[in-house]
Amino acid sequence: MFSSIAFTTLFSVTISSLAHAAQLNVVVGGGSLKFDPEFVTANPGDTVIFTFKQANHTATQSTLANPCSMVPGGFDSGYMPVAASNTNGPFPAAEFTVQDTNPVWVYCKQANHCQQGMVFAINPGSQFAAFQAAATGGSTTTSFPVTTETSQPATGPASITTTVSGSATPSSIVSTDHKVVVGGSSLTFTPSNISAQVGDTVTFQFMQKNHTATQSTFANPCRDLTSTSTSGQVGFDSGYIPVSAGATTTPVYTIQINDTSPVWVYCKQTGHCGQGMVFSVNAVESSADNYAAFRARAMQLNGTGTSTSASPSPTGTSTGGATKTSTNRDAGVAVGLASFVLGMLLM
């Protein structure tokens, strides 16, 4: 997160202190890759409330010249995951106060949402169509890592307040995104074991071949949590993400850490887990159930090269320790049976 982001509750904002200010409401996502409305005209002192609906989006400041890159020092709501089952709220929101009448350019930095036209503007004048066209007309920004541009932020707007409806107290906790490389030249997660705090995210970056990031348990390292749980837990699962040898983009999949209990992960591609392709978050290294023991158990129980469970990927359901927050796959990659067949060819 950026230092300009402060956390508070939406209901603590005192709109009445701005007697002549207007509140402009913008819906982000919720069934389509768009901001609704796509642009607004605002005066200094007005506030723009971004309300995030289903899926996982951001409201991030960019520029007219580089629509899909965050401007240095610009505001960023951060990722705002909303489960598909959440149709009645509460919904997370981010509030931005307009400082002057200069244009403010905004995009969603999730995956390739910007490149599909998911952009927004404040006071764009007659330039919004050009801004959206620039976003969809062959931007070279890849999905991972997020790149930034070298130009200066737009004059005027300087901060954004990220809010979650119904929060009890303000918080100043700054979360960390942990990057984990999946596959590539070896059947590994790199790093293979990390420590993370509540609220942190873990972003899996998928390299060549065809892998998954699927939640399991220490007892059953190479089986998905959903199929082994006796209490109805639903684990996260990226699903198969094939990446060709000549791919120029690297798809990512993000989870959020809900508590400090260990999170166990494996690749469910045939034979990979049995060869030690596993990962953990907050494994207690001083205990018998540490990462090394988890990997050894995976290889001991599943080291025969037989196929492991391949349950469908759930969407956004909370589990013991982590929640799926986002997924990004190359737009041209087929899903379902085609994805599985391609995965077998790439092994």
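Please refer to the structure placed before this passage.
Cut-offs and rules
Residues numbered from 1 in each chain as written. Predicted model: local features only at pLDDT ≥ 70, side-chain atom pairs only at ≥ 80, totals over all residues. Heavy atoms only, no water. Helix = DSSP H or I, 4+ residues; strand = E, 2+ residues; numbered from the N terminus. Buried < 20%, exposed > 50% of the residue type's maximum accessible area, 1.4 Å probe, protein only. Areas by Shrake-Rupley, 256 points an atom, 1.4 Å probe, with all protein chains shown as cover. Pairing = 2+ DSSP bridges. Contact = heavy atoms within 4.5 Å. Axes fitted to C-alpha atoms, helices over the stretch in contact; angles between N-to-C directions. Polar contact = N/O pair within 3.5 Å; in protein donor to acceptor, adjacent residues only side chain to side chain. Salt bridge = Lys/Arg side-chain N within 4 Å of Asp/Glu carboxyl O.

Q: How should I be thinking about the overall build of the protein in this particular structure?
A: When its secondary structure is counted, the protein shows four helices and 23 strands. Relative to its 347 residues, the protein shows a buried fraction of 46%. Just so you have it, the protein exposes about 15,000 Å², and 55% of that area is on carbon and sulfur atoms.

Q: I'm lost on the sheet that holds strand β11 (residues 119-122) in this one. Help?
A: In spatial order, the strands read β4-β11-β10-β7; together these four strands make up an open sheet with mixed pairing. With one partner strand each, in any of the chains shown, β4 (39-40) and β7 (60-62) form the two edges of the open sheet. For strand β10 (residues 104-107) and β11, the ladder comprises four bridges, and the chain directions are antiparallel. Note that in β11 the partner of V106 across the bridge is F120. Those strands touched by helix α1 (residues 128-136) are β4, β7, β10 and β11, and its axis lies near 150° from that of β11.

Q: Quick question: what am I supposed to make of the side chain of H57 here?
A: Considering the arrangement of structural elements, one finds H57 in strand β6 (residues 55-57). A polar contact of 3.2 Å, which involves the side chain of H57, links it to the side chain of H113. Non-local contacts of H57, meaning those with residues more than four positions away in its chain, are made with V28, G29, G30, L33, F52, G78, Y79, M80, C108, H113 and M118.

Q: When you look at the pattern of salt bridges in this model, what are you seeing that I'm missing?
A: Pairs can form between side chains of opposite charge whenever their charged atoms are close. Per the counting criterion, the structure on display carries three salt bridges. For K109, the salt bridge identified is with D76, shortest N-O distance 2.6 Å. Of this pair, K109 sits in the loop between β10 and β11 while D76 sits in the loop between β7 and β8 (80-82), and the two are 33 residues apart along the sequence. Across this residue pair, the class does not change: K109 and D76 are buried. Across the pair K179 and D177 runs a salt bridge, and its minimum N-O distance is 2.8 Å. In this structure K179 comes out as partly exposed when scored by relative accessible area, which is 42%. The partly exposed category is assigned to D177, whose relative accessible area is 31%.

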